[in-house]
Amino acid sequence: DSMAQARRIKCRLCTKVLKKIQALAGDDPDESAVQAALQKGCRALGRAVGKRCQQLVSKYREQISEGLQNGDLPQDICAAIGLCRS
């Protein structure tokens, strides 16, 4: 069904975006490292994905930033903000 498919796509996008941002932020990032990675991460994904990435990041900035600083896995952060099933 199309809702489930849309959810899977959102989950994949979220996970892809967060893996990229996590890689840019490095191990044990502080808030400024995460903020810089959030800026660069979306640009690094290209124009089409980058636009969706920006929307995702601006909507869930707090949760993403907190999750990355806590060392949470991308899949877990995406589940926490409701884009993936946990």
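Naming follows an unreviewed UniProt entry, where the chain appears as SAP protein of Pheucticus melanocephalus.

**Q** Help me out: how do you make sense of the overall build of the chain in this one?
**A** Regarding its fold elements, the chain presents 4 helices and 0 strands. When the elements of the chain are put in sequence order from the N terminus, they spell out α-α-α-α. Relative to its length of 86 residues, the chain is compact, with a C-alpha radius of gyration of 12 Å against a globular reference of 12 Å. Over its C-alpha atoms, taken along the principal directions, the chain stretches across nearly 40 × 30 × 20 Å. For the chain, the proportion of its 86 residues judged to be buried stands at 37%. Sequence-distant contacts, at least 24 apart, represent 58% of the contacts inside the chain between residues at least 6 apart. Here the chain has roughly 5600 Å² of accessible surface; of this, 48% comes from carbon and sulfur atoms.

Quick notes on the rules
- Throughout this document, residue positions are counted from 1 along each chain, in the order its sequence is written.
- Where totals are concerned, whole chains, interfaces and linings use all residues; where local detail is concerned, this predicted model gives features only for residues with pLDDT of at least 70, and gives and counts side-chain atom pairs only at 80 or more.
- The basis for every side-chain value is the complete set of heavy atoms in the structure, and neither hydrogens nor water enter the calculation.
- A helix here means a DSSP run of H or I that spans at least four residues, while a strand means a run of E at least two residues long, and both kinds are numbered starting from the N terminus.
- Radius of gyration here is computed from C-alpha atoms only, and the compact-globule reference equals 2.2 Å multiplied by the residue count raised to the power 0.38.
- When accessible area is computed with a 1.4 Å probe and restricted to protein chains, residues below 20% of their type maximum are described as buried, those above 50% as exposed, and intermediate ones as partly exposed.
- In this description, contact between two residues means that some pair of their heavy atoms is separated by no more than 4.5 Å.
- For the accessible areas, the method is Shrake-Rupley and the probe is 1.4 Å, while residue cover comes only from the protein chains on display.

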